[in-house]
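Here is what each chain is made of, one letter per residue.
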Amino acid sequence: VAGNYRLGEFQGAILDCQLDRLEEQTTTRERNGRRLADRLAGIPGLHPQARPADCTRHAYPLFMLRLDPATFGAPREAVLDALRAEGIPCSSGYGYPLPEQPIFRNKAFGPYIQQSTAALDYRTAVCPNAELLCREQAIWIEQRVLLGTADDMDAIALIFERVRAR
């Protein structure tokens with residue numbers, strides 16, 4: 001039950017089946033995300049997203065990493081094109097940082113924070129690291145990639161190594 005909405009018997013059965021599948025997939029993504037991060041961290045110019053020490057399990061809705069183009073030896077767009085050519089579904093992430101997203105620029109918060117909207121002004125927010133990530137460093141790999149095997153994670157790391165060598 002969520003608010004006044006109640007699931008029907010069929011919907012409840014589907015949700016129950018999916019929750020079992022979700023647990024299995026989350027465990028697989030956690031294991032493979034750690035493996036891929038460990039492998040990619042050893043490649044100059046690649047920096048997988050840091051994991052806080054108190055994180056006991058990461059869902060990896062995306063596998064995110066930062067590319068230092070100068071150290072890696074290629075600009076992000078060339079790296080993304082090469083990864084896609086190898087069959088790795090990836091993107092550059094957000095096109096611009098969060099304070100520049102229309103919801104913040106236009107204060108389009110709907111009914112949620114009406115009392116605070118007047119005081120919020122994201123036009124003055126300066127986020128140089130976020131801007132750098134959005135402009136030239138962020139690489140996002142789709143979570144479905146992490147549903148593969150340990151060998152698949154090793155193969156992805158080898159692809160990054162080949163791309164860097166080229």
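Provided above is the structure to which this section pertains.
Now for a quick tour of the structure.

Conventions used here
- Residues numbered from 1 in each chain as written.
- Predicted model: local features only at pLDDT ≥ 70, side-chain atom pairs only at ≥ 80, totals over all residues.
- Heavy atoms only, no water.
- Helix = DSSP H or I, 4+ residues; strand = E, 2+ residues; numbered from the N terminus.
- Rg over C-alpha atoms; globule rule 2.2 N^0.38 Å.
- Areas by Shrake-Rupley, 256 points an atom, 1.4 Å probe, with all protein chains shown as cover.
- Lys, Arg positive; Asp, Glu negative; His and termini not counted.
- Charge placed at Lys NZ, Arg CZ, Asp CG, Glu CD.
- Buried < 20%, exposed > 50% of the residue type's maximum accessible area, 1.4 Å probe, protein only.
- Polar contact = N/O pair within 3.5 Å; in protein donor to acceptor, adjacent residues only side chain to side chain.
- Contact = heavy atoms within 4.5 Å.
- Pairing = 2+ DSSP bridges.

Helices and strands together make up the secondary structure of the protein chain, namely seven helices and four strands. Along the protein chain, helices and strands appear, N-terminal first, in the series α-β-β-α-α-β-α-α-α-β-α. Compactness check: the protein chain gives a C-alpha radius of gyration of 20 Å against a globular reference of 15 Å for 166 residues, more than 25% above the reference. With respect to the three principal axes, the spread of C-alpha positions in the protein chain is 55 × 45 × 35 Å. When the accessible area of the protein chain is evaluated, it comes to approximately 10,600 Å², of which 55% is carbon and sulfur surface. One way to put it: in the protein chain the 20 positive side-chain charges average out to a point 3 Å from where the 21 negative ones average out.

Turning our eyes to something else, we now look at the side chain of Arg-76. With respect to the helices and strands, Arg-76 occurs in helix α3 (residues 76-85). Note on Arg-76: relative accessible area 7%, which makes it buried. A distance of 3.5 Å separates a polar side-chain atom of Arg-76 from the backbone oxygen of Ser-92. In this structure, Arg-76 is in contact with Leu-67, Ser-92, Leu-133, Cys-134, Arg-135, Glu-136, Gln-137, Ala-138 and Ile-139, ignoring residues within four places of it in sequence.

Moving on to the pairing of strand β4 (residues 138-142). Counting buried positions along β4 yields four of five residues, so the element is predominantly enclosed. Two elements, strand β2 (residues 62-67) and β4, share five bridges in a ladder whose sense is antiparallel. Residue pairing across strands places Leu-65 opposite Ile-139, the latter belonging to β4. Direction of pairing for strand β3 (residues 90-91) relative to β4: antiparallel, over a ladder of two bridges. From the neighbouring strand, Cys-90 faces β4, where its bridge partner is Ile-141.

In short, shape yes, function no, at least from these values alone.
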